[in-house]
Amino acid sequence: MSKKVIIIGGEGNGGVIASAIIDMNKKGYKEYELAGYLNDYEKIGFLIHEYPVLGKLNQVNEFAEDGYYFMWAVHMIGHGKKRHNLYYSLNIPEDRLATIVHPNSFVADNAVLEPGVFVMANSYIGPGTIIRKGTLVMANCVVGHNDDIGELCHLSAGCIVGSYINIGKVSDIGLGATVLEKRKIGDYSVLGANSLLTKDMGDSVIYVGSPAKLHRTIEE
């Protein structure tokens, strides 16, 4: 029997995750079945892509007790600390986090995907790489070998993350951005769309351009 999964969030990343689950079911991969969403901005019963809002975010443990699983899809770019604090305020049981990998992606046998990781179609995860809790890897991403990608990160569609990369928690790699090998990115940071990172980034900074340079620091 399929496990019922609820997406925490809504339009945007939530819709992407939902579309992957639905497509996987059509292809015969039925470990998870989409039940609906938890969302603080829409009324209970409101349909998001034909699936209902079932409750508010703070009801996650009520649904966990009823046997549901969860995917985290809240993405406030540039507000990593707020994202981090919201996630941990909900006390989501880790054993109730789904890990969803679209069958049209490649994940090396010895790569480690922690609970709550999402890998969309046509992405590549290389050998020896660790992707930590709740991180989203969107379509057409390349994540090289021996990387360590922190929790609650967001790798936007089409980005390339080279090998021996270390990315801290709750950081964002923008659309089509490239990170050269052996670079480090700190916590709560953002690499802008189509940027080329050739040097390390610290915590709570935004880098943009090719080569990427400091755009500004992030103040929550």
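Each remark here, short or long, concerns the structure printed above.
Bear in mind the structure is a predicted one, so any value in this text is a computation, not a measurement. (Residues numbered from 1 in each chain as written. Predicted model: local features only at pLDDT ≥ 70, side-chain atom pairs only at ≥ 80, totals over all residues. Heavy atoms only, no water.)

Chemist: Looking at this structure, I do not really get the environment of Tyr51. What am I missing?
Modeler: Position of Tyr51 among the secondary structure elements: in strand E4 (residues 51-55). Note: C-alpha distance between Tyr51 and Glu151 (100 residues apart in sequence) is 27 Å. Apart from residues lying up to four places away in sequence, Tyr51 is in contact with Ile22, Leu34, Ala35, Gly36, Tyr37 and Phe46. (Helix = DSSP H or I, 4+ residues; strand = E, 2+ residues; numbered from the N terminus. Contact = heavy atoms within 4.5 Å.)

Chemist: Is there a simple way to think about the pairing of strand E1 (residues 3-8) in this case?
Modeler: Note on strand geometry: in a regular strand, side chains alternate between the two faces of the sheet. Relative to strand E2 (residues 32-38), E1 runs parallel, the two sharing six bridges. Residue pairing across strands places Ile7 opposite Tyr37, the latter belonging to E2. With helix H1 (residues 13-26) bridging E1 and the parallel E2, this β-α-β connection has right-handed handedness. Where E1 meets strand E5 (residues 69-72), four bridges bridge the pair, whose relative direction is parallel. Looking across to E5, one finds that Ile7 is bridged to Met71. (Pairing = 2+ DSSP bridges. Right-handed = clockwise from strand over helix to strand, strands pointing away.)

Chemist: Please clarify how the packing of aromatic side chains should be interpreted in this entry.
Modeler: All told, the structure shown has five aromatic pairs when counted by the stated rule. Summarising the aromatic geometry, the rings of Phe63 and Tyr68 are spaced 5.6 Å apart at their centres and angled 75 degrees between planes, so their arrangement reads as edge-to-face. Using a relative accessible area of 13% as the deciding quantity, one classes Phe63 as buried. Relative to Tyr124, the ring of Phe106 lies with its centre 5.2 Å away and its plane at 15 degrees, an arrangement referred to as stacked. Linking Phe106 in strand E7 (residues 106-107) with Tyr124 in strand E10 (residues 124-125), this pair joins segments that are 18 residues apart in sequence. (Phe/Tyr/Trp six-rings, centres within 6.5 Å; stacked < 30°, edge-to-face > 60°. Buried < 20%, exposed > 50% of the residue type's maximum accessible area, 1.4 Å probe, protein only.)

Chemist: Please clarify how the sheet that holds E1 should be interpreted in this entry.
Modeler: The strands making up a sheet are joined through hydrogen bonds of the backbone, oriented either antiparallel or parallel. Taken in spatial order, the five strands line up as E3-E4-E2-E1-E5 in an open sheet, and their pairing is mixed. Looking at strand neighbours, the two that pair on one side only are strand E3 (47-48) and E5, the edges of this open sheet. In the packing of H1 onto the sheet, the strands contacted are E1, E2, E4 and E5, and the crossing angle to E2 comes to about 160 degrees. (Axes fitted to C-alpha atoms, helices over the stretch in contact; angles between N-to-C directions.)

Chemist: What should I look at first to understand the sheet that holds strand E21 (residues 190-191) in this one?
Modeler: As summarised here, the arrangement of the eight strands in space is E6-E9-E12-E15-E18-E21-E23-E24, forming an open sheet in which the pairing is mixed. Looking at strand neighbours, the two that pair on one side only are strand E6 (100-101) and strand E24 (212-217), the edges of this open sheet. Inspection of the sheet shows strand E23 (residues 205-209) paired to E24 by five bridges, in the antiparallel sense. What sits directly across from Val208, in E24, is Lys213.

Chemist: What is the right way to look at the environment of Tyr164 in this model?
Modeler: Inspection of the secondary structure assignment puts Tyr164 in the loop between strand E16 (160-161) and strand E17 (166-167). In this structure, the C-alpha to C-alpha distance between Tyr164 and His145, residues 19 residues apart in sequence, is 6.6 Å. Ignoring anything within four residues of it in the chain, the contact list for Tyr164 reads His145, Asn146, Asp147, Lys182 and Arg183.

Chemist: How should I be thinking about the nonpolar core in this particular structure?
Modeler: The nonpolar side chains of a soluble globular protein tend to be buried, and buried together. Core analysis: the largest hydrophobic core is formed by 26 residues, its most contacted members being Ile149, Leu155, Ile167, Ile173, Leu191 and Leu197. With residues up to four places along the chain from it excluded, the contact list for Ile167 reads Asp148, Ile149, Gly150, Cys153, Val161, Ile173 and Ile185. Within the second largest apolar cluster, 22 residues are counted, among which are Val5, Val53, Phe118 and Ala121. (Core = buried A, V, L, I, M, F, W, Y, C linked by side-chain atoms within 4.5 Å.)

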